[in-house]
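# Report on the structure
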Amino acid sequence: MKIPERITKCLAGQIDFSTFYVLDVIPNKAHGSVVIMLPKIITANTYYGMSVGEQTYWYCTIERTLDEAKRCNYIGRVKRAVLLLRARRFYKKH
């Protein structure tokens with residue numbers, strides 16, 4: 001997966017691109033970048049990730065992941081809806 005240079009500058013942690021699809025990278029000066037990750041394959045023990053700077057948080061659903069990002073004011077209501085639609089389209093394709 002080729003990542004644009006402007007996004008590469010924002011990434012701080014490690015992401016396994018063979019397992020996860022990067023849904024969005026949100027630059028945040030206070031906490032480092034926020035990366036929302038989708039698992040490429042859904043199984044019974046699937047977790048969605050939200051990486052904030054060097055820390056990664058895991059959630060059971062994409063809705064919960066986006067709700068937490070909204071609660072922490074990393075994204076707004078409209079951005080949450082757009083990312084949820086993008087995630088659903090990703091899983092329809094694959």
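Keep in mind it's a predicted model, so treat the numbers as computed, not measured. Throughout this description, residue numbers start from 1 for each chain and increase along the sequence as written. Residues qualify for local features only when their pLDDT is at least 70, as the model is predicted, and side-chain atom pairs are given and counted only at 80 or more; totals for whole chains, interfaces and linings, by contrast, use all residues. Values shown for side chains rest on all heavy atoms present in the structure; no hydrogens or waters enter the calculation.

### Topic: the pattern of salt bridges
So the rule is basically this: For this analysis, a salt bridge means a side-chain nitrogen from Lys or Arg found within 4 Å of a carboxyl oxygen belonging to Asp or Glu. We count a stretch as a helix when DSSP gives it H or I for four or more residues in a row; a strand needs E for two or more, and each element gets its number in order from the N terminus. The buried label applies to any residue whose accessible area, calculated with a 1.4 Å probe on protein chains only, is under 20% of its type's maximum; exposed applies above 50%, and partly exposed to all values in between.
According to the stated counting rule, one finds 5 salt bridges in the structure shown. One salt bridge in this structure joins Lys79 and Asp24, with 2.8 Å as the shortest N-O distance. Here Asp24 lies in strand 1 (residues 20-26) and Lys79 lies in helix 3 (residues 77-93), a separation of 55 residues in the sequence. For Lys79, a relative accessible area of 34% gives the class partly exposed. Take Asp24: its relative accessible area is 12%, and that puts it in the buried class. Taken together, the salt bridges that share partners define one network made up of Arg64, Glu68 and Arg71.

### What to know about the sheet that holds strand 2 (residues 34-39)
Heads up, the rule is: Pairing between strands requires that DSSP locate at least two bridges from one strand to the other. In this description, a line fitted to the C-alpha atoms serves as the axis of each element, helices being fitted only across the stretch in contact, and the angle between N-to-C directions of two axes falls anywhere from 0 to 180 degrees. By definition in these notes, contact holds between two residues if any of their heavy atoms fall within 4.5 Å.
Here 4 strands make up an open sheet; going across it, the order is 1-2-3-4 and the pairing antiparallel. Here the strands that pair on one side only, and so sit at the sheet edges, are strand 1 and strand 4 (55-59). Shown here is a sheet whose adjacent strand axes are inclined to one another by a mean of 20°, direction ignored. Sheet topology note: the strand 3 (residues 48-52)/strand 4 ladder contains 5 bridges and is antiparallel. Along strand 4, the bridge assignment pairs Val52 with Gln55. On the sheet, helix 2 (residues 62-71) packs against strand 1, strand 2, strand 3 and strand 4 and is oriented at approximately 20° with respect to strand 3.

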